[in-house]
Every structure is written in C-alpha cells, then in structure tokens.
Amino acid sequence: IIRRMVIDLDMGIEIVGMATVRELGGLAMSSRNGRLSDDQRKAAAIVPVALDAIEAAVADGVEDVETLRQAAVSVVADEPLARLEYCELVEPETLVAATNIRNRTLATLAVWFGDVRLIDNRLL
C-alpha cells in the first residue's frame, strides 16, 4: 500500500521492505510486547504459531482460503487469553481479500491479549 502511494503521489522516494524482526519463540518485536503480563506474553506465542498453521496447510496442498483461515482461527481459539480480532488472507499489493492462494498471498491477523493488540503477517 505504501509503495503504491509513493508511486501514485510521485514522492520520489524508495521504500525498502525488511523482514519482521522476531523475538526468541517467533513473536514479532513490538513496543506493545512490553505491555503484556507474563501470562499474556506466554499466551502471545500462539500468534506466530497461527501463521505457521496456515503455512503448513499451504505446504500440504490446501488452497481454499477459508480452510486456511480456519487453521489459524482454531489455533487462536485454543488459547484462553487470546481474543481474535481478525485473520484474513489478502492480496499483498492491495489488501483485497484473496480468492485463492495461487498468487502471492499475505496472511494477516490481529489478536488481543487483555488491552494489548498484537498484529502479525506472513507472505505465503
């Protein structure tokens, strides 16, 4: 989205994407992580696990978007301290809902732990 905006507005700058920096255990580094209680931090480990579930299903040949989404939803549902806000598979350039995963697809999710909202994504 940012790349498209830079092109559309002819801003004359280059956007350089970087891999998400992760803590041991896979949780994306964020200042919000410091607001998690010890129990919430342990529970938050399910965020990258939910993305792993989608990636594993893709590796197993699953192509149905809703089946892939449900793989992550069920992981989050198993954690009592987690409250899923969304899990979506989208086109990475537009964030429009993906209809299939034959092209590059971005798995995205937001999960609440108390009053802390964690977001993460994975390019499939």
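Coordinates for the structure precede this section.
Conventions used here
Residues numbered from 1 in each chain as written. Predicted model: local features only at pLDDT ≥ 70, side-chain atom pairs only at ≥ 80, totals over all residues. Heavy atoms only, no water. Salt bridge = Lys/Arg side-chain N within 4 Å of Asp/Glu carboxyl O. Helix = DSSP H or I, 4+ residues; strand = E, 2+ residues; numbered from the N terminus. Buried < 20%, exposed > 50% of the residue type's maximum accessible area, 1.4 Å probe, protein only. Expected span 1.5 Å × (residues − 1). Contact = heavy atoms within 4.5 Å.

**Section: the pattern of salt bridges**
Side chains bearing opposite charge may pair, as long as their charged atoms lie close to each other.
Piece 1. For the coordinates displayed, the defined rule picks out nine salt bridges.
Piece 2. Of the charged contacts, one joins D120 and R22 as a salt bridge, the two residues approaching to 2.8 Å between their closest N and O atoms. Note that D120 is positioned in strand β3 (residues 116-123) and R22 in the loop between α1 (2-8) and α2 (38-43), a separation of 98 residues in sequence.
Piece 3. The class of D120 is buried, set by a relative accessible area of 6%.
Piece 4. By relative accessible area, which is 28% here, R22 ends up partly exposed.
Piece 5. The partner of D52 in a salt bridge is R122, with the nearest N and O atoms 2.9 Å apart. Here D52 is found in helix α3 (residues 46-59), whereas its partner R122 is found in strand β3, with 70 residues between them in sequence.
Piece 6. Put simply, D52, E55 and R122 are held in one network by salt bridges that share partners.

**What to know about the environment of S37**
Piece 1. With respect to the secondary-structure elements, S37 resides in the loop between α1 and α2.
Piece 2. According to the relative accessible area criterion, S37 is partly exposed, its value standing at 34%.
Piece 3. A C-alpha to C-alpha distance of 9.0 Å links S37 and G114, two positions 77 residues apart in sequence.

**Thoughts on α3**
Piece 1. In this model α3 runs 19 Å from its N-terminal to its C-terminal C-alpha over 14 residues, within 8% of the 20 Å that 1.5 Å per residue would give.
Piece 2. Taken together, the buried positions of α3 are I46, V47, P48, A50, L51, A53, I54 and A57.
Piece 3. Those residues of α3 hidden inside the fold are in contact with α2, α4 (65-77), β1 (82-90), β2 (106-113) and β3.
Piece 4. Once α3 ends, the next one or two residues include G61, with phi positive near 100 degrees.

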